[in-house]
Amino acid sequence: MKRVAMVLFCSLLLSGCANEDFFQHDALATAEEQNGKAAAGSDSAWVILGRHYDRSGFHRYFWGNHHRQLWATPVKLPIFRLDSLNGGMEIVKKGGGYQTTSFQLRDKQGRLYAFRSIDKDPKEVVSKFWQDTFVTNILRDQTSAANPFGALVIPRLAEAVGVYHASPKLYYVAADDTLFGEFSQQVQGKVFMLEEKYETPADITPAFAADIIDFEDSDDALRKRFASNVYHFNQEAFARARLLDLLIGDWDRHKGQWDWAVATQGKDTIFYPIPKDRDQVFLKMGDGLIPSIATSKLLARKLHTFDDDFSDVKAYMINAAFVDERLLHELSLEDWQRIAQDMQRQLTDEVIREAVQQLPPPVYTLVGAEISRNLKSRRALLPKAAAKVYAILAKKVTIPGSDEEEHFEVRRLDNEHLEVVVTRPTNTGMPAKQLYRRVFQRGQTEEIILHGLAGDDTFILSGEVRESILVRIYGGLGEDEISDNSSVSGWKKYTHVYDTERGNEISFGPETKDRTTDDVRVHAYDREGN
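Remember, predicted model here, so these are calculated numbers, not experimental data. (Residues numbered from 1 in each chain as written. Predicted model: local features only at pLDDT ≥ 70, side-chain atom pairs only at ≥ 80, totals over all residues. Heavy atoms only, no water.)

1. Here we look at the overall build of the chain
- Helices and strands together make up the secondary structure of the chain, namely 14 helices and 25 strands.
- Out of the 530 residues belonging to the chain, those deemed buried represent 54%.
- At a minimum sequence separation of 6, the contacts of the chain that also span at least 24 residues come to 64%.
- Accessible surface, the chain: about 23800 Å² in total, of which carbon and sulfur atoms supply 50%. (Helix = DSSP H or I, 4+ residues; strand = E, 2+ residues; numbered from the N terminus. Buried < 20%, exposed > 50% of the residue type's maximum accessible area, 1.4 Å probe, protein only. Contact = heavy atoms within 4.5 Å. Areas by Shrake-Rupley, 256 points an atom, 1.4 Å probe, with all protein chains shown as cover.)

Written out as structure tokens, the structure is:
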């Protein structure tokens, strides 16, 4: 490790990363802004987003070409004017992002927007010990792997496949802009992305279905889902959004990258996904000696380069593991294939052409053909990628209830199939409802985990078979009833019951392994993923 660190350090010095120009993060304006001031009455400027990423050939050999050419290409962008855009906007608050400068803005109609700088400075995300060292320089330089214009392509693709989306736009803040008051020096001469936020009914636009009444962030939506069985995530809509993530190579889809449109269906509430923050699409990371090693499956696997195929589907699922596990457990392989094939039909050549042409003309000239070619190739492979996603998620499936009463039925149908049905009984004060049903196949699923959470839940297992799938039952808080009437041939037990020894009615059968304890930590379930 010491030898590797020395090689990294020496190559960094040799490639000139200590040069002062590397720390210059303001966009370089040309034409109207040669002297740092917008020409009178001008509404646009030619700017370079990141001239500091234009490095020598020697540096690129070690650290990669990435998207340096895009960062160093002049593009014409509109000048952002806080007092006139959308009738005039106001600063609601300054954001707390560590790598970007960001603000929450509100327009005259009460709609909210995120306004964040395109370039990143990772200094604050590393420990103080490394902040003024080559480590920070490396991380800052690798921002060049991101396509700074990629987010502009996504809205047309999302619209075509029926995924809710924001419509981001790039703006240049003039070098002499003072409309941000005390924050003016933090925005002057920089390129920002303006993107709609979805937080209140004021943010509803005609693009949303008529039954959408509000919005939630992931934390609040998850909290409500686990608190009450009247809240549900539309898992087919989420699967569609996740396949779009794969299509565009967006690997950074953790729970904070989602908002949720709220709809009502009778007395139930449904959440529909709204992906946001598309700053990692079309990543180009695998070139360069050191990044090619660092992004191997043994190291930073998730930083996967966008190319013409899905060579590592798992890489795109690493950051989203928490939400994928909780919001995609209903779907069968047939569901995934149907959704993928539907998206193939919707993503026509014309849609892809229109989407990629949203890039600024100089950028389109450089990479438009390549991105179009890769999107078409990945479109053809989408069902195959969907099957891989399913295979990864199906291996071990967790099915949580809520803090209210549910009935879990597990039926060992035959040697290959097992059915799980979860219902909401009428004695909850709500109409009875089947909350969940899925038939699992033994060759695809090794383990099923049921969490009752805090309600007084009922678990009933039945069926006599020779072979089956392991079922783990966590009764959770509350007075649970667990009855195992199932049987599987052989010595191994395929029903494991985890609960406290007291306060529950448990009927153990020949297939049950008693995992009860007096330790209340057995009830633990990660609802937040923090």
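Here the narrative resumes, following the displayed structure.
2. What about the sheet that holds strand β5 (residues 102-107)?
- What the 5 strands build is an open sheet, ordered β4-β5-β6-β8-β7; its pairing is antiparallel. The sheet is open, and its two borders are formed by β4 (89-94) and β7 (169-172), each paired with just one other strand. Here the strands of the sheet are splayed against their neighbours by 30° on average, with no regard to which way each runs.
- Inspection of the sheet shows strand β6 (residues 112-117) paired to strand β8 (residues 191-196) by 5 bridges, in the antiparallel sense. Bridged to Arg116 within β8 is Met193. (Pairing = 2+ DSSP bridges. Axes fitted to C-alpha atoms, helices over the stretch in contact; angles between N-to-C directions.)

3. Comments concerning the nonpolar core
- Core analysis: the largest hydrophobic core is formed by 81 residues, its most contacted members being Leu49, Phe149, Leu157, Leu244, Phe282, Trp336 and Leu375.
- With 8 residues, the top contributor of residues to this core is helix α8 (residues 235-248).
- Not counting residues up to four positions away in its chain, the partners in contact with Trp336 are Ala239, Leu243, Leu328, Leu331, Ala386, Val389, Tyr390 and Leu393. (Core = buried A, V, L, I, M, F, W, Y, C linked by side-chain atoms within 4.5 Å.)

4. Notes on a positive patch on the surface
- On the surface, Lys492, Lys493, Lys513 and Arg515 cluster together to form a positively charged patch.
- Summarising the element assignment, Lys513 is placed in strand β25 (residues 512-514). (Patch = residues over 30% accessible without salt bridge, like charges linked within 9 Å, V, L, I, M, F, W, Y side chains within 5 Å. Salt bridge = Lys/Arg side-chain N within 4 Å of Asp/Glu carboxyl O. Lys, Arg positive; Asp, Glu negative; His and termini not counted. Charge placed at Lys NZ, Arg CZ, Asp CG, Glu CD.)

5. Here's the deal with helix α11 (residues 333-346)
- Over its 14 residues, α11 extends 20 Å from the first C-alpha to the last, a length consistent with the 20 Å expected when each residue adds 1.5 Å.
- Asp335, Trp336, Ile339, Ala340 and Met343 are the residues of α11 that are buried. The arc that holds the buried residues of α11, viewed along the axis, is 125°, so those residues lie on one side. Opposite the buried face of α11, at more than 90 degrees from it, the exposed residues are Glu334 and Arg345.
- Where α11 is buried, its residues meet α5 (154-161), α8 and α14 (382-394). (Expected span 1.5 Å × (residues − 1). Arc of directions from axis to C-beta.)

6. Looking at the confidence of the model for the chain
- This prediction gives the chain a mean pLDDT of 88; 86% of its residues lie at or above 70.
- Counting contacts from residues 31-37, a segment whose pLDDT is below 50, to residues more than four positions away or on other chains yields 18 contacts. (pLDDT = per-residue confidence, 0-100.)

7. Let's talk about the packing of aromatic side chains
- Counted according to the given criterion, the structure contains 22 aromatic pairs.
- Plain terms: the ring middles of Tyr198 and Phe208 are 5.2 Å apart, the flat faces sit at 75° to each other, and that makes the pair edge-to-face. Here Tyr198 is found in the loop between β8 and β9 (212-217), whereas its partner Phe208 is found in the loop between β8 and β9, with 10 residues between them in sequence.
- Owing to a relative accessible area of 5%, Tyr198 belongs among the buried residues under this scheme. (Phe/Tyr/Trp six-rings, centres within 6.5 Å; stacked < 30°, edge-to-face > 60°.)

8. Comments concerning unusual backbone geometry
- Phi is positive for Asp277, close to 55°, though the residue is something other than glycine.
- Locating Asp277 in the fold gives a position in the loop between β12 (268-275) and α9 (289-294).
- One non-glycine residue, Phe282, lies in the positive phi region at around 60°.
- Within the secondary structure layout, Phe282 lies in the loop between β12 and α9.

9. Section: the side chain of Glu216
- Considering the arrangement of structural elements, one finds Glu216 in strand β9.
- For Glu216, a relative accessible area of 14% gives the class buried.
- For Glu216, the side chain forms a polar contact with the side chain of Lys224, separated by 2.4 Å.
- Ignoring sequence-local partners within four residues, the contact set of Glu216 consists of Ala221, Lys224, Asp259, Trp260, Val262 and Phe271. (Polar contact = N/O pair within 3.5 Å; in protein donor to acceptor, adjacent residues only side chain to side chain.)

10. A closer look at a negative patch on the surface
- Taken together, Asp456, Glu479, Glu481 and Glu505 make up a surface patch of like negative charges.
- Note that Asp456 resides in the loop between β17 (447-451) and β18 (458-462).
- Accessibility expressed as a relative area gives 42% for Asp456, which makes it partly exposed.

11. Overview of the pattern of salt bridges
- Going through the model one piece at a time under the given rule, you end up with 33 salt bridges.
- Residue Arg278 is joined to Asp245 by a salt bridge in which the shortest nitrogen-to-oxygen separation is 2.7 Å. Linking Arg278 in the loop between β12 and α9 with Asp245 in helix α8, this pair joins segments that are 33 residues apart in sequence.
- Given a relative accessible area of 7%, Arg278 falls into the buried group.
- Here Arg278 and Asp250 are joined by a salt bridge, their closest N and O atoms 2.8 Å apart.

12. Describing the environment of Glu501
- Position of Glu501 relative to the elements: it lies in the loop between β23 (495-498) and β24 (505-507).
- With residues up to four places along the chain from it excluded, the contact list for Glu501 reads Thr516, Thr517 and Asp518.

13. A closer look at the packing of helix α12 (residues 349-356) against helix α13 (residues 361-380)
- In contact at an axis separation of 10 Å, α12 and α13 are set at 145° when each is read in the N-to-C sense. Once α12 is placed against α13, the crossing between them reads as right-handed. Contacts between α12 and α13 involve Asp349, Ile352 and Val356 from the former and Tyr364, Gly368, Ile371, Ser372, Leu375, Lys376 and Arg379 from the latter. (Left-handed = near helix turned anticlockwise from the far one by under 90°.)

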